[in-house]
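Each chain, written out:
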Amino acid sequence: MATINRQPIYAGVDVLARAPSAYLGGKRFGLLSNHTGITRDYRSTIDVSARLEAGKLTALFACEHGIRGERQAGILFEDETEPELGIPVYSLYGKFRAPTPEMLDTVDALVFDYQDLGVRFFTYLTTLIYTMQACAKAGKELIVLDRPNPLGGLSVQGGLLREGYQSMVGGWKIPILTGLTIGEFARLVNAESGMNCNLQVVPLEGWTRNMEFPQTGMPWTMLSPNMPTMDTARVYPGTCLFEGTNLSEGRGTTRPFEQIGAPWMDGRHVAEALNRRGLPGVIFYPAYFTPMFSKHQGAICGGVQLYVTEPEKFLQVRTGLYMLEQIQKMHPDEFAWLPPFKEGSKSFIELLTGSDVVLKTLHEPGAAERIADEWDKEAAEWTQTRVPFLLYE
């Protein structure tokens, strides 16, 4: 079992709070954050920012899940007022997905502090891209407070997003598992896009790329309402692909993304078949659950639960592909990809995987292994692309 790092790890917000004048210098600033913005000593980034004397907090901005993480996935919301501070909370998950010029009128800089997961389809990354574009256009500075990649900074998995498949769950040409911190991601996007955002990253102190989140000793918060634990985070890069199918990905249960199933699924036989594959670092166990909301709400589902036995060997994306292939093979009449949200758009599995390859070929014999091998090649090449933007060893 990994031991907790005894040398303190400090997030960007801790560094900012220690020397705010070095970064704010009397500026009016807006803050994009939520409940995941937390200091090492358990203070909210919102509260810390409101009390800084080196700058004036004039507005808050909220993306998916709301300013305090109070809203479920996909729930749109409008602007509101923060009751204690009396300042506006601008919604970036409603009518607008990026700050408008009017929203930026009262700020000289924006501060961005979200705990990302280092996974392409986590929407905080796409919100960051849109925010960088808005700041570049309006001539505003963007200060990104860096945080650890919970899954470490070494593993890179999954194919690259293809042109034409950009969405909220895939905003840039990166692999599924990025191996980047959110600050490093911002540096990469700023350079590759040529948008020339006035970007400043407040770096972590003490973090190294071989650390998963439990080793940092930092406080864990639910990254979203369906990301309660590190166990969830560890399997999510692979099992999130089931959001593009008619199977439950465990939403509406206490083990989202750790258990996958449907009313028609034979969990015992699927678990046995997957275990025979000998996938590294993971065991599949038959599971039965009843989602309280989302897909198959109120119905008893048969399924499988993933137990990660060796995190350092576990290959999330390859595992997710093999699971999709196995269930599709064993339940060909019941398994289905979800249709596009609207006519003429991409299906959700295409948006999640970044191309149409899985949708069109996974049913073919041996397809999962072929796709995974090709993705591994793309990820290996991209690992070199990211080198100039890395901040930590």
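Above this text is the structure in question.
A short tour of the structure in this document, coming up. (Residues numbered from 1 in each chain as written. Predicted model: local features only at pLDDT ≥ 70, side-chain atom pairs only at ≥ 80, totals over all residues. Heavy atoms only, no water.)

1. Description of the overall build of the protein
Piece 1. Helix and strand counts for the protein stand at ten helices and ten strands.
Piece 2. Its C-alpha radius of gyration of 21 Å places the protein within 12% of the 21 Å reference for a compact globule of 393 residues.
Piece 3. Considering only C-alpha atoms, the protein reaches an extent of 65 × 45 × 35 Å along its principal axes.
Piece 4. Residues counted as buried form 59% of the 393 residues belonging to the protein. (Helix = DSSP H or I, 4+ residues; strand = E, 2+ residues; numbered from the N terminus. Rg over C-alpha atoms; globule rule 2.2 N^0.38 Å. Buried < 20%, exposed > 50% of the residue type's maximum accessible area, 1.4 Å probe, protein only.)

2. Looking at the sheet that holds strand β9 (residues 282–289)
Pairing between the strands of a sheet comes from backbone hydrogen bonds, and it takes one of two forms, parallel or antiparallel.
Piece 1. Here we have three strands laid out as an open sheet, ordered β8-β10-β9, and antiparallel in their pairing. In this open sheet, the two edge strands, each paired with only one partner strand, are β8 (259–262) and β9. The average undirected angle you get between the axes of adjacent strands in this sheet is 25°.
Piece 2. Relative to strand β10 (residues 301–308), β9 is paired through eight bridges, and the arrangement is antiparallel. Looking across to β10, one finds that Tyr-285 is bridged to Gln-305.
Piece 3. Most of the contacts of helix α6 (residues 267–276) go to β9, to which it runs at about 175°, and overall it touches β9 and β10. (Pairing = 2+ DSSP bridges. Axes fitted to C-alpha atoms, helices over the stretch in contact; angles between N-to-C directions. Contact = heavy atoms within 4.5 Å.)

3. Considering the layout of surface pockets
Piece 1. The calculated volume of the largest pocket comes to roughly 780 Å³.
Piece 2. Lining the largest pocket are 34 residues, with Glu-64, Gly-74, Val-169, Glu-243 and Phe-348 sitting closest to its centre.
Piece 3. For the lining of the largest pocket, the secondary-structure elements that each account for two or more residues are α3 (123–138) and α8 (348–353).
Piece 4. For the lining of the largest pocket, the element with the most residues is α8, which contributes three residues.
Piece 5. In the lining of the largest pocket, the residues fall into 18 nonpolar, nine polar and seven charged. (1 Å grid on protein atoms, 1.4 Å probe; cavity = no way out; pocket = protein on both sides within 12 Å on 5 of 7 lines; lining within 4 Å. Points joined across faces, edges and corners; volume = space filled by probe spheres on them. Nonpolar A, V, L, I, M, F, W, Y, C, P; charged D, E, K, R; others polar.)

4. Description of the sheet that holds strand β5 (residues 109–113)
Piece 1. Strands sit in the order β3-β4-β2-β1-β5-β6-β7 across an open sheet of seven strands; the sheet is mixed. The outermost strands of the open sheet, each flanked by one partner alone, are β3 (80–81) and β7 (198–202).
Piece 2. Against the sheet, α3 touches β1 (28–33), β5, β6 (141–145) and β7, its axis set at about 155° to β6.
Piece 3. Helix α4 (residues 182–193) rests against β5, β6 and β7 of the sheet, and its axis sits at about 160° to β7.

5. Focus: helix α5 (residues 230–239)
Piece 1. Counting buried positions along α5 gives nine out of ten residues, so the element sits mostly inside the fold.
Piece 2. Residues Met-230, Thr-232, Ala-233, Arg-234, Val-235, Tyr-236, Pro-237, Gly-238 and Thr-239 constitute the buried set of α5.
Piece 3. Contact partners of the buried residues in α5: β8, β10 and α7 (316–330).

6. A few points about empty space enclosed by the protein
Piece 1. In this structure the tally under the stated criterion is two cavities of 30 Å³ or more.
Piece 2. Roughly 40 Å³ of volume is contained in the largest cavity.
Piece 3. Every residue along the wall of the largest cavity is listed here: Thr-36, Ile-38, Gln-115, Arg-147, Phe-213, Met-218, Pro-219, Trp-220, Thr-221 and Leu-223.
Piece 4. Grouping the amino acids of the lining of the largest cavity by side-chain chemistry returns six nonpolar, three polar and one charged.
Piece 5. Looking at the second largest cavity, its volume works out to about 30 Å³.
Piece 6. Among the residues making up the lining of the second largest cavity, the classes are represented as four nonpolar, four polar and two charged.

7. Concerning the side chain of Thr-239
Piece 1. Structurally, Thr-239 can be placed in helix α5.
Piece 2. Given a relative accessible area of 1%, Thr-239 falls into the buried group.
Piece 3. Setting aside chain neighbours within four positions, we find Thr-239 in contact with Glu-249, Phe-257, Ile-260, Leu-306 and Met-323.

8. Observations concerning the pairing of β1
Piece 1. Burial analysis of β1 places five of its six residues in the buried class, the great majority of the element.
Piece 2. Bridge count for β1 against strand β2 (residues 56–62) is five bridges, and the pairing is parallel. In the sheet register, Gly-30 faces β2, and the bridge partner there is Ala-59.
Piece 3. As for the winding sense of the linkage, the β-α-β connection from β1 through helix α2 (residues 45–50) to β2 is right-handed. (Right-handed = clockwise from strand over helix to strand, strands pointing away.)

9. Digging into the pattern of salt bridges
Piece 1. A full pass over the atoms with the stated rule returns 22 salt bridges.
Piece 2. A salt bridge links Asp-356 to Lys-360, with the nearest nitrogen and oxygen atoms 3.1 Å apart.
Piece 3. For Asp-356, a relative accessible area of 22% translates into the label partly exposed.
Piece 4. A cluster of three or more residues bridged by salt bridges with shared partners is formed by Glu-243, Glu-249, Arg-251 and Lys-295. (Salt bridge = Lys/Arg side-chain N within 4 Å of Asp/Glu carboxyl O.)

10. Side note on the side chain of Glu-184
Piece 1. Inspection of the secondary structure puts Glu-184 in helix α4.
Piece 2. Judged by its relative accessible area of 0%, Glu-184 is buried.
Piece 3. Here the side chain of Glu-184 touches Leu-391 through a polar contact of 2.7 Å, landing on its backbone nitrogen.
Piece 4. Excluding its chain neighbours within four sequence positions, the residues that come into contact with Glu-184 are Asp-146, Gly-179, Arg-209, Phe-389, Leu-390, Leu-391 and Tyr-392. (Polar contact = N/O pair within 3.5 Å; in protein donor to acceptor, adjacent residues only side chain to side chain.)

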